[in-house]
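A look at the structure
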Amino acid sequence: LMRCVTRLVGHSDAVLCVAVTRDGSALCSSSEDGSVRLWDSGAAATAAQVRGPFSDAAPATALCFAAPYGSATLLCAGSLGVVHCYDLRKVDGPPLLRVELGSGAGAACDTNELSASAPDRSASTRVAACDDGGRVCVFGVPGAERVRTFSGHHTNICSAVKFHPTNKNQRARQATQ
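Residues numbered from 1 in each chain as written. Predicted model: local features only at pLDDT ≥ 70, side-chain atom pairs only at ≥ 80, totals over all residues. Heavy atoms only, no water.

Comments concerning the side chain of glutamate 113
- Among the structural elements, glutamate 113 can be located in strand S9 (residues 111-116).
- For glutamate 113, the side chain forms a polar contact with the main-chain nitrogen of valine 161, separated by 3.3 Å.
- Contact partners of glutamate 113, with chain neighbours within four places excluded, come to Ala62, Ala128, Ala129, Cys130, Ser159, Ala160, Val161 and Lys162. (Helix = DSSP H or I, 4+ residues; strand = E, 2+ residues; numbered from the N terminus. Polar contact = N/O pair within 3.5 Å; in protein donor to acceptor, adjacent residues only side chain to side chain. Contact = heavy atoms within 4.5 Å.)

Here it is, written out as structure tokens:
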């Protein structure tokens, strides 16, 4: 049975997605009003509003936390087919990185989900993004190097993507952290 512990007030329209940091100290939410808010979960208050290219016409539709720069990083994506990477200490500033997810016909599809391979403080993180065009794009952060794009496997919308550790040592390390 779930119950509401705290209500976070700040968006003026429907919330589209929410991401929580691994330690639970912060969360981020995106709304149809075009705002992306970073919340301090302990204070139940807005810590900052993310400055980005998002609007009520093109809101952020996917959020994910990672730590490729040695500090917590927020990745945001929306209907423009672009992922923006922000340092959580400076979300009101410009993004650290901007990654174009596709090119050609249908490239600017809504991004439905982002997933990071290493949500810890490793030097490099891989991020997967899936979109309404049925594509999954895997890229490295930092650097934005394209690792691989999967297309043609879905005939339409790809709505979810997750990384899964492939070796027993990785799974054991993640389970104990």
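Regarding the sheet that holds S9
- Spatially, four strands are ordered S9-S10-S11-S12 in an open sheet, and the strand pairing comes out antiparallel. Of all the strands in the sheet, the pair left with one neighbour each is S9 and strand S12 (146-150). The sheet shows a mean angle of 15 degrees between the axes of neighbouring strands, direction not considered.
- Pairing analysis gives six bridges linking strand S10 (residues 125-131) to strand S11 (residues 136-141), with the strands arranged antiparallel. Bridging across to S11, valine 127 finds its partner in phenylalanine 139. (Pairing = 2+ DSSP bridges. Axes fitted to C-alpha atoms, helices over the stretch in contact; angles between N-to-C directions.)

A short note on a nonpolar patch on the surface
- A contiguous nonpolar patch, built from Val15, Val18 and Val20 and spanning about 260 Å² of accessible area, is present on the exposed surface.
- Of note, valine 15 is situated in strand S1 (residues 15-20).
- Take valine 15: its relative accessible area is 47%, and that puts it in the partly exposed class. (Patch = residues over 30% accessible without salt bridge, like charges linked within 9 Å, V, L, I, M, F, W, Y side chains within 5 Å. Areas by Shrake-Rupley, 256 points an atom, 1.4 Å probe, with all protein chains shown as cover. Salt bridge = Lys/Arg side-chain N within 4 Å of Asp/Glu carboxyl O. Buried < 20%, exposed > 50% of the residue type's maximum accessible area, 1.4 Å probe, protein only.)

Observations regarding the pattern of salt bridges
- Inspection of the entire model under this criterion finds two salt bridges.
- A salt bridge links aspartate 87 to arginine 89; the nearest nitrogen and oxygen atoms lie 2.6 Å apart.
- For aspartate 87, a relative accessible area of 7% corresponds to the buried category.
- Note on arginine 89: relative accessible area 63%, which makes it exposed.

A short note on the nonpolar core
- Within the largest apolar cluster, 17 residues are counted, with the highest numbers of intra-cluster contacts made by Leu75, Val83, Leu101, Leu114, Phe139 and Val141.
- If you list the elements that add at least two residues to this core, you get strand S5 (60-66), strand S6 (73-78), strand S7 (82-87), strand S8 (97-100), S9, S10 and S11.
- Contacts of valine 83, omitting those with residues within four sequence positions, involve Leu75, Cys76, Ala77, Leu97, Arg98, Val99, Leu101, Leu114 and Phe139.
- Counting residues in each nonpolar core, the second largest holds 16 residues, with Ala19, Phe54, Leu63 and Leu74 among its members. (Core = buried A, V, L, I, M, F, W, Y, C linked by side-chain atoms within 4.5 Å.)

Details of the confidence of the model for the protein
- Residues at a pLDDT of 70 or more form 78% of the protein, whose mean pLDDT is 76.
- Between the elements of the protein, mean pLDDT differs from a low of 45, seen in helix H1 (residues 168-176), to a high of 90, seen in S1.
- When the criterion is pLDDT under 50, residues 169-177 qualifies, and its contacts beyond four places in sequence or with other chains add up to nine contacts. (pLDDT = per-residue confidence, 0-100.)

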